[in-house]
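Next come the chains, spelled out residue by residue.
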Amino acid sequence: MNDYNFAYLDEQTKRMIRRAILKGIAIPGYQVPFASREMPMPYGWGTGGVQVTAACLVPEDRLKVIDQGADDTTNAVSIRRFFQRTAGVAVTEATAEATVIQTRHRIPETPLSEGQILVYQVPIPEPLRFLEPRETETRKMHELEEYGLIHVKLYEDIARHGQIATSYAYPVKVEGRYVMDPSPIPKFDNPKLADNPAIQLFGAGREQRIYALPPHTSAVSLDFEDHPFVASKADHACDLCAAEASYLDEVITDDQGSRMFVCSDTDFCQSRRAAGHVGRLGHPATGDQ
Amino acid sequence: MYVAVKGGERAIDAAHAWLAEERRGDTSVAELSTVQIREQLSLAVNRVMAEGSLYDPDLAALAIKQARGDLIEAIFLIRAYRTTLPRFGASIPVETAEMAVSRRISATFKDLPGGQILGPTFDYTHRLLDFKLAAEGQVPEAPTAPARLEPVPHVMGMLGRDGLIQSEAPGEETPPDLTREPMELPASRPLRLQAITRGDEGFILSMAYSTQRGYGRTHAFVGELRIGTVAVELDIPELGFAVQIGEVELTECETVNQFTGSRTEPPQFTRGYGLVFGQTERKAIAMSLVDRALRWKELGEDFTGAPAQDEEFVLMHADNIQATGFLEHIKLPHYVDFQAELELVRKLRREALASREAAE
Amino acid sequence: MTPEALSGGFRDASIQSARAFRAALEAMARPGTIWQVEGAAPPAPMSVASGVLILTLCDGTTPLHLGASMDLPMIRDWITFHTGAPLVAAEAARFALGHWQDLMPVNRFAIGTPDYPDRSATLIVEMPDLSTAGPQLSGPGIKGNASLSFPEVAAFRANRRHFPQGFDTYLTCDTRLAGLPRSTIVEDV
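Conventions adopted
Residues numbered from 1 in each chain as written. Chains lettered and ligands numbered in written order. Predicted model: local features only at pLDDT ≥ 70, side-chain atom pairs only at ≥ 80, totals over all residues. Heavy atoms only, no water. Helix = DSSP H or I, 4+ residues; strand = E, 2+ residues; numbered from the N terminus. Rg over C-alpha atoms; globule rule 2.2 N^0.38 Å. Buried < 20%, exposed > 50% of the residue type's maximum accessible area, 1.4 Å probe, protein only. Contact = heavy atoms within 4.5 Å. Areas by Shrake-Rupley, 256 points an atom, 1.4 Å probe, with all protein chains shown as cover. Lys, Arg positive; Asp, Glu negative; His and termini not counted. Charge placed at Lys NZ, Arg CZ, Asp CG, Glu CD. Axes fitted to C-alpha atoms, helices over the stretch in contact; angles between N-to-C directions. Parallel < 35°, antiparallel > 145°, perpendicular 65-115°, else oblique. Nonpolar A, V, L, I, M, F, W, Y, C, P; charged D, E, K, R; others polar. Pairing = 2+ DSSP bridges. Polar contact = N/O pair within 3.5 Å; in protein donor to acceptor, adjacent residues only side chain to side chain. Buried area = accessible area lost by both parts, 1.4 Å probe. Salt bridge = Lys/Arg side-chain N within 4 Å of Asp/Glu carboxyl O. Phe/Tyr/Trp six-rings, centres within 6.5 Å; stacked < 30°, edge-to-face > 60°. Domains from an automatic or database assignment. Core = buried A, V, L, I, M, F, W, Y, C linked by side-chain atoms within 4.5 Å.

Observations concerning the overall build of chain A
Stage number 1. A count of helices and strands for chain A gives six helices and 12 strands.
Stage number 2. In terms of overall size, chain A behaves like a compact globule, its C-alpha atoms giving a radius of gyration of 19 Å where 289 residues would be expected to give roughly 19 Å.
Stage number 3. When the backbone C-alpha atoms are referred to their principal axes, chain A occupies close to 60 × 55 × 35 Å.
Stage number 4. Counting every position in chain A, which comprises 289 residues, the buried fraction comes to 65%.
Stage number 5. Taking contacts inside chain A between residues at least 6 apart in sequence as the whole, the part at least 24 apart equals 61%.
Stage number 6. Of the roughly 10000 Å² of accessible surface on chain A, 51% is carried by carbon and sulfur atoms.
Stage number 7. Placing the 30 positive and 40 negative side-chain charges of chain A at their respective mean positions leaves the two points 5 Å apart.

Concerning the packing of helix H1 (residues 11–26) of chain A against helix H3 (residues 48–57) of chain C
Stage number 1. Where H1 of chain A contacts H3 of chain C, the axes come no closer than 8 Å and their chain directions differ by 115°. With respect to H3 of chain C, the element H1 of chain A is oriented roughly perpendicular. Residue-level inspection shows Arg15, Arg18, Arg19 and Leu22 of chain A of H1 of chain A in contact with H3 of chain C, the latter providing Leu55, Thr56 and Leu57 of chain C.
Stage number 2. Classifying every residue of the contact of H1 of chain A with H3 of chain C by side-chain character gives three nonpolar, one polar and three charged.

Considerations on the sheet that holds strand S2 (residues 221–236) of chain B
All names here are of chain B.
Stage number 1. Strand order across the open sheet formed by four strands is S1-S2-S3-S4, with antiparallel pairing between neighbours. Unpaired on one side and paired on the other, strand S1 (100–105) and strand S4 (268–277) mark the two borders of the sheet. For this sheet, the mean inter-axis angle between neighbouring strands, taken without regard to orientation, is 30°.
Stage number 2. Relative to S4, strand S3 (residues 241–260) runs antiparallel, the two sharing nine bridges. Bridge assignment links Cys253 to a residue of S4, and that residue is Gly274.
Stage number 3. Here helix H10 (residues 281–294) sits on the sheet and contacts S1, S2, S3 and S4; the angle it forms with S4, its principal contact strand, is near 140°.

Focus: the side chain of His65 of chain C
Residue and element names in this part refer to chain C.
Stage number 1. Note on placement: His65 falls in strand S2 (residues 64–66).
Stage number 2. We classify His65 as buried; its relative accessible area is 11%.
Stage number 3. Among the polar contacts made by the side chain of His65, one reaches the main-chain amide nitrogen of Ala90 at a distance of 3.2 Å.
Stage number 4. Discounting chain neighbours no more than four positions away, the residues touching His65 are Val88, Ala89, Ala90, Ala93, Phe95, Ala96, Leu97, Leu103, Arg108 and Phe109.

Considerations on the interface of chain B and chain A
Stage number 1. Counting from both sides, the interface comprises 48 residues of chain B and, opposite them, 65 residues of chain A.
Stage number 2. Both sides of the chain B and chain A interface together cover about 4700 Å² of buried area, and 56% of this is carbon and sulfur.
Stage number 3. Between chain B and chain A we count six salt bridges in total.
Stage number 4. Across the pair Glu38 of chain A and Arg79 of chain B runs a salt bridge, and its minimum N-O distance is 2.3 Å.
Stage number 5. Counting every contact that joins chain B to chain A gives 23 residue pairs in polar contact (both at pLDDT 80 or more).
Stage number 6. Elements with a contribution of two residues or more to the side of chain B that touches chain A: helix H1 (8–24), helix H5 (71–83), helix H11 (311–317), helix H12 (320–329) and helix H13 (335–359) of chain B.
Stage number 7. A per-element tally of the side of chain B that touches chain A places H13 of chain B first, with 13 residues.

Regarding the packing of aromatic side chains
Stage number 1. Summed over the entire model, instances satisfying the criterion amount to 13 aromatic pairs over all chains.
Stage number 2. Seen in terms of ring centroids, Tyr30 of chain A and Tyr178 of chain A are 5.5 Å apart; in terms of plane orientation they differ by 50°. Their pairing is tilted. Here Tyr30 of chain A is found in the loop between H1 and strand S1 (32–33), whereas its partner Tyr178 of chain A is found in strand S7 (residues 178–180), with 148 residues between them in sequence.
Stage number 3. Relative accessible area serves as the criterion here: at 2%, Tyr178 of chain A is assigned to the buried category.
Stage number 4. Consider the rings of Tyr55 of chain B and Phe277 of chain B, whose centres lie 5.2 Å apart with planes at 70°: the pair is edge-to-face. Taken together, the positions of Tyr55 of chain B in the loop between helix H3 (42–52) and helix H4 (57–66) and Phe277 of chain B in strand S4 put the pair 222 residues apart, joining distant regions of the chain.
Stage number 5. Note on Phe277 of chain B: relative accessible area 27%, which makes it partly exposed.
Stage number 6. Taken together, the ring pairs connect Trp100, Phe150, Phe156 and Phe167 of chain C into an aromatic cluster.

A closer look at the sheet that holds strand S6 (residues 172–174) of chain A
The strands making up a sheet associate through backbone hydrogen bonding, with each pair oriented either parallel or antiparallel.
All names here are of chain A.
Stage number 1. One open sheet accounts for three strands, arranged S7-S6-S10; its pairing is antiparallel. Two strands lie at the open edges of the sheet, namely S7 and strand S10 (219–221), each paired on one side alone. In this sheet, adjacent strand axes meet at a mean angle of 35° when their direction is disregarded.

Observations concerning the domain arrangement of chain B
Residue and element names in this part refer to chain B.
Stage number 1. We note that the domain assignment places domain 1 (9–82) and domain 2 (96–120 + 150–167 + 180–324) within chain B.
Stage number 2. Averaged C-alpha coordinates put domain 1 and domain 2 at centres separated by 29 Å.
Stage number 3. Between domain 1 and domain 2, the contact holds 13 residues from the first and 19 residues from the second.
Stage number 4. At the boundary of domain 1 with domain 2, total buried surface from both sides reaches about 1300 Å², with 57% on carbon and sulfur atoms.
Stage number 5. Ranking the residues of domain 1 by area buried against domain 2 places Glu51, Tyr55 and Arg79 at the top, with a combined share of 42%.

Comments concerning the nonpolar core
Stage number 1. Of all hydrophobic cores here, the largest spans 88 residues; its most connected members are Ile21, Ile25, Phe83 and Leu201 of chain A together with Leu25, Ile79 and Tyr170 of chain C.
Stage number 2. For this core, the element with the highest residue contribution is helix H2 (residues 13–29) of chain C, accounting for 10 residues.
Stage number 3. Once residues within four sequence positions are removed from consideration, Leu201 of chain A is found in contact with Ile21, Ile25, Val52, Cys56, Ile117, Leu118, Val119, Tyr120, Tyr211 and Ala212 of chain A together with Leu25 of chain C.
Stage number 4. Among the nonpolar cores identified, the runner-up in size contains 29 residues, and Ala187, Leu191, Met207 and Ala308 of chain B belong to it.

Regarding the pattern of salt bridges
When charged atoms on two side chains of opposite charge get close, those side chains can pair.
Stage number 1. The full count for this structure, using the stated rule, is 62 salt bridges over all chains.
Stage number 2. Close ionic contact of Lys140 of chain A with Glu137 of chain A constitutes a salt bridge, the shortest N to O distance being 3.8 Å. Note that Lys140 of chain A and Glu137 of chain A are positioned in helix H4 (residues 135–144) at a spacing of three residues, about one turn of the helix.
Stage number 3. Linking Glu298 of chain B and Arg295 of chain B is a salt bridge whose minimum nitrogen-to-oxygen distance equals 2.6 Å.
Stage number 4. Among the residues examined, Arg295 of chain B registers a relative accessible area of 0% and is labelled buried.

Following this line, the structure appears as structure tokens:
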């Protein structure tokens, strides 16, 4: 641990990131350019989130790291270890006990509370990128609030499929001003972005952008009056904990087409099972899980 | 009974142990030392230094060993290490006109002050596998010529004296640092050059090649290519003058390109510039072509839509560490977004089939 | 440079600045809340809270403007020694430190550009008193009622009209600080 500064990054880098975070907080939904550093893990694997987390951590923190909602996926394990090694912080899998949560692709099911920080790993921060590849152009669009293109795209979906065919990384409009990419979370999670008591920070390392949603900020999923936004999920209950309203992973259980659905949020699922909830294929909690 | 997949930590540890074993290979074969890599795989070392943006042959050799010879992985190791280094100061610009050259050629003049020096080049080797090397043959000593003490002025300076090549005004401003500030577009030429010199050799090569085949053609001649060492000097405020702190090997390429002119300006040649750490000739030539292609706006040329003219396209995709990271990240779990897509496609199919049935 | 200028910095920079940043982050994210900080001992009349913010956020890359009441040799030396921040005129500043009167007129400070609204100044305003008694606040970060003691309402209302451009503000008093991002709407009184 003595080989590195607290939380790995040098102080000047942390100051630069902290200044960017504060500007992001002051301009909700706006992507602040920052001089992302080359981290000892590959771009695209959470370098932005890691830098934001490193800039936020204090020794007293309890850190939770999830990937796809799960604490034990290999990349989550790797990032959690990185901070245990370089910052010596305590770690937890319990959402309610964590002070800082770094996530990839999910917002935990357990509602967050004041004093918590949720750090998202973001691959492509620009919500307009797939409509217009040029940064020089999309920056202009944000400046002029020219969001017609994205509405046209959503509308074309409706014309072709009868509904909006965007199921994750579903764009939101923040405080009536900036259109923002919430990172590739399923649109099921979008409603949790808005009016959340926690601070939400978004870090895109390779693309060198940080943005933020302060607590209790409005974030409206783009839609049309006759095609309102719907937060959808697999139409099942969790087969382990019987939760009806949590986001589900589909697991293929044999080569005959059998499948089961389980909570993608492993902490949520385990807590429910510990509390005695048993799903279709579950078994009463025995403490071995 | 279903048990959720666990054991990520154990899997990672086991993978690392296996990797270490594979790296070492057959233990009955002698282990490769980093000194051997530094001395005998020096062009790989040079590439790692150039794209890692860190001039340290020993570290580059270590990175190559650690990366099992995967040069992009080695560059990555160097980059990640480089970020953690404190900065003690900035050198004054190196003077390539005073380079101690080991190779210097011009494609534009048959002979010139300082002479043409072939140096240690593959150029005229016949690409025949040399089986003597497999048998660890002794290398006969190369003949040496007496050192030429005459200066080796830049070819461009000679053209410039007659006003035949566009002059580049010396810039007093400290160039921006790509590794300390976010990339801002449109980029200045110093920023572009920084991005290209550390850009992926293969990408820069292909971009340059595409200009030769007509996608943003600039009619380049190699005005001069020189490889050698230059002194690195640091201003010491307490002393009031600069002192030499070391030397680095560089490859510099300047191309002479198609002339431009207008009613007010008589025609003159323009130039592209390449400067890369180490003996990295392919990269330096490619860099100068891409630099020249990106200068279309400043030189009043047309944007023909060629990839090599497109600053944002070139600069945002030249970095192999960014590229490989993002490319390879798609092997990470995407269960959640894939599940969202799966549900959507099922729903769309259900509705499409239902409406087809209703129609029938 | 006086010996006093060399003291009063963080003893354990990485830990103390981390804790200070968390307070600064919470403050900026929740306008109308007041946060306690510690660890800096800057020369008078600079408050501990202002000193903490400067040590945490400023360095050689952030030009700083000192209002007249803060533009004293001791303070200049302290900031130079501990942060290396270049001291500049209001127009060129990324950060500014002063009493409200010193910083007037605030339209001298950078509010960013329409395409880069983040390129704006952060004002650190020394307050004789700091409390949650004052005009009502609304906007991002605020649920229900929030209010804060203000040096002046009109300037902040004018700043809000430039949104998303604008300057951001920390109000400091002794060891306490509050944040006021440009996004906050200050009730007209």
